[in-house]
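Per-entry structural report
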Amino acid sequence: MKMLQEWHNKSLQDKIFSMILLVLCIFVIMITLYPMLNVVAISFNDSMDTMRGGINMLPRKFSTYAYASIFDKNYFLSAVTMSVLRTLVGVGTSVPVMVMVAYVISRKEYVLRGITTRLMVYTMYVSAGIIPIFFLMRTLHLTNSFWVYIIPPLAQAYFIIITRTYILSLPDSIMESAKLDGANHFTIIFKIIFPLVKPVIATLVLFVAVQQWNNWYDTFLYNSSNQELSTLQYELKKMLAAATIKGDANSMGNSESGNFLTPVSIRAAMTVVVSVPIMAIYPFLQKYFVGGLVVGGVKE
Amino acid sequence: MVRSLINTKKKTKTTRWLKTIKQQYQLLIIGIPFLIYTLTFAYVPLAGWVMAFTNYKPSPNTSMLDNFVGLKNFERLFSNEVFLRSLRNTIAMGALDIVLGTVFAVFLALMINEVKNRGLKKITQTVSYMPHFLSWVVASSIILGVMSVDGGELNELLLFLRIIDEPINWIGMEQYFWFVSTTSQIWKESGWTAIIYLSAITAISMDMYEAAKIDGANRFQAIRFITLPSLMPTIKIMFIINVGNLLNQGFEKQYLLGNSSVINFAEVIDTYVIRYGIGQGNYSFATAAGLFKSVVGIILIITANKISKKATGEGVF
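This is a predicted model, so every value here is computed, not measured. (Residues numbered from 1 in each chain as written. Chains lettered and ligands numbered in written order. Predicted model: local features only at pLDDT ≥ 70, side-chain atom pairs only at ≥ 80, totals over all residues. Heavy atoms only, no water.)

**Quick look at the interface of chain B and chain A**
So the rule is basically this: Contact criterion: two residues are considered in contact whenever any of their non-hydrogen atoms come within 4.5 Å of each other. In short, buried area is how much 1.4 Å probe accessible area vanishes from two parts on joining, totalled over both. The salt bridge criterion pairs a side-chain nitrogen of Lys or Arg with a carboxyl oxygen of Asp or Glu, the two atoms within 4 Å. Nitrogen and oxygen atoms within 3.5 Å of one another constitute a polar contact, given that in protein one can donate a hydrogen and the other can accept it, and given that sequence-neighbouring residues count only through two side-chain atoms.
Facing 82 residues of chain B, the contacting portion of chain A comprises 89 residues. Between chain B and chain A, a total of about 7700 Å² is buried, with carbon and sulfur atoms accounting for 78% of that surface. Considering only the surface of chain B that becomes buried against chain A, L27(B), F34(B) and F133(B) emerge as the three largest contributors, covering 10% of it. The interface formed by chain B and chain A includes 1 salt bridge. Across the pair R219(B) and D14(A) runs a salt bridge whose closest N-O atoms are separated by 4.0 Å. Across the chain B-chain A interface, the total number found is 18 residue pairs in polar contact (both at pLDDT 80 or more).

**Overview of the UniProt feature "transmembrane region" (unreviewed entry) in chain A**
The condition is simple: UniProt positions are given in the numbering used here, feature names are shortened, and annotations may be inferred rather than shown by experiment. The numbering of helices and of strands both runs from the N terminus, where a helix is a DSSP run of H or I of at least 4 residues and a strand a run of E of at least 2.
Under the UniProt annotation, the feature "transmembrane region" (unreviewed entry) is placed at residues 20-44, 84-105, 117-140, 146-167, 188-210 and 264-285 of chain A. Split by type, residues 146-167 of chain A is 50% helix and 0% strand. Its first and last C-alpha atoms lie 32 Å apart.

**Some points on the UniProt feature "transmembrane region" (unreviewed entry) in chain B**
Residues and elements named next belong to chain B. Mapped onto this numbering, the UniProt entry annotates "transmembrane region" (unreviewed entry) at residues 27-52, 91-112, 133-149, 191-210, 222-241 and 283-302. Split by type, residues 91-112 is 100% helix and 0% strand. Its first and last C-alpha atoms lie 31 Å apart. Structurally, residues 283-302 is divided into 100% helix and 0% strand, and its ends, taken at the C-alpha atoms, are 28 Å apart.

**Section: the UniProt feature "domain: ABC transmembrane type-1" (unreviewed entry) in chain B**
UniProt tags residues 87-304 of chain B as "domain: ABC transmembrane type-1" (unreviewed entry). Overall, residues 87-304 of chain B shows 74% helix and 0% strand. The separation of its end C-alpha atoms is 20 Å.

**Overview of a nonpolar patch on the surface**
All names here are of chain A. Applied cut-off: The patches reported here contain residues having more than 30% relative accessible area and no salt bridge. Joining distances are 9 Å for like charges and 5 Å for nonpolar side chains (Val, Leu, Ile, Met, Phe, Trp, Tyr). Using a 1.4 Å probe, accessible areas were evaluated by the Shrake-Rupley method; residue-level cover was limited to the displayed protein chains. Relative accessible area decides the class of each residue, using a 1.4 Å probe on protein chains only: under 20% of the type maximum gives buried, over 50% gives exposed, and in between gives partly exposed.
Taken together, the side chains of W7, M19, L22, I26, M30, L37, M57 and L58 present a nonpolar region at the surface, about 710 Å² in accessible area. Examining the composition of the nonpolar patch, we find that 5 residues originate from one element, helix α2 (residues 12-43), more than from any other. Within the fold, L22 resides in helix α2. Residue classification places L22 among the partly exposed residues on the basis of a relative accessible area of 34%.

**Some thoughts on the packing of aromatic side chains**
How we decide: Ring pairs shown here join Phe, Tyr and Trp side chains whose ring centres sit within 6.5 Å, with only the six-membered ring taken for Trp; geometry is labelled stacked below 30 degrees between planes, edge-to-face above 60, and tilted in between. A ring is scored as having a charge over it whenever the NZ atom of a lysine or the CZ atom of an arginine sits within 6 Å of its centre and within 35 degrees of its normal.
Scanning the entire structure with this criterion turns up 37 aromatic pairs over all chains. Ring geometry for F71(A) against F76(A): centres 4.8 Å apart, planes inclined by 65°, an arrangement best described as edge-to-face. A relative accessible area of 2% means that F76(A) is categorised as buried. Grouped by ring-pair contacts, the aromatic residues Y158(A), F159(A), F207(A), Y282(A), Y129(B), F133(B) and W192(B) constitute a single cluster. A cation over a ring is seen here: R76(B) above F285(B), with NZ or CZ 4.1 Å from the ring centre. Over the ring of W136(B) we find K188(B); its NZ or CZ atom is 5.0 Å from the centre of that ring.

As structure tokens, then:
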């Protein structure tokens, strides 16, 4: 009722403006959501039926066979394990490390503060490039190893700066009084800093988790010869490459125990599986990242 | 006498050091490993640039320093058609991403800001930055589906609207690759970039809008003469940051969306380095390509930062 009343009170020009806005918003929502929903619909549609085309936002002939077939593949479980493992270990190691480093370089008395900060900030702009880094990883025996997922991205300048900025905004008196009470730096970090920077920790956890989950590039570059270290993203990437090389993906339907499956269906199911964790944490993500991004955007 | 003086001087210096170490050992326990980590992973690889000036052959008997050839790799690079093409593609797609990416993000921010219905506003914003969190692998899987020649939604829509008579092979024809790349970039990232512009819009004083309203300005005029001009400093600084990163735009999407039939327009310096360097073992030549990219990148960043400091009084570093 109230909305109608408001609508009635608007001038004609305002009404047109609001209508255009509404149309534009729906357009943006459709353009963003439709391709995603379409993949979900295809993944749940019967494989042969999909070839007829015209699947929109809902499956026409419901089937979970594409999912059943990827869950059956022997690489699938190990890829899931690897993706989950790298995300958990990555978050569990890099977030505490980055908070501790951020605390240390926020201490004004720290002798190596200037040089450490400067060297760290430059890493955001200077990179040796793919080949020298590849050689370094090989020299350090990080290729063909799980640790290439964990150690190189352990402490990233951008996140450390966000955390340091937050720590610097805390009142110094808290740290001072803790020191007077005889607390050492480790006590301060674990008993005072960690609880106080919770919003930043939440941001870091989510950003690092997304980064770890989404990364395919390190698998491709360093671990591609070792199937055991393959991740979900990399398996999907291999499927994509196979489909583009073959050109017409639809022509290679294969038969498995009377059921037909096309690469299009398998790829769609795989795409959905790979994105489910991200979509699941997305609502929690939202609350934190805007602040994090703005801090980063200004300081970048 | 003199000797003892020097000795005490030395002594006080060392004792001061010892004292600092003793006082700050806890900070150093965390700080020094981090310093070593940074040096190892960011600065040690810089020594690998030496390879760009040698003719490195991977074998147990040669070291990186053998077969010094001077600038020969660079000479070869600039007479190499494939490299020049990937340089052109890198710059072109980078520029398209920056210009159109900014335009769309600003447009989106202005649009979302004008929506007065809170529910609609929230939904539009939430949905628009959703693709940012998908990996490029997932995004390209979706995009390849949408743009596919048989049954892709883009073709179906254009056929339905009778804009085209026959489905277009968007991902298999090289003349369309830049369009595919930039559209993908806009689809995936403009919602996310718009957050920065939206937060800049909220900082604009409401008084200006009220004054304009009293003067009889309509909403279009308010956008045109208040919001947009107030956004200009933010647009400028974001633009400068992006230009500094021009050569680093993309790569993942070019690698994932490209295929052998569009390679002439999809190859960028980074994919070139991977294919010729790591893929085919031409380490020195590809390092030279990477070094060229890094040096141009650093020059761009420093220049952009200087311009930014002059133009807006704010530098990035």
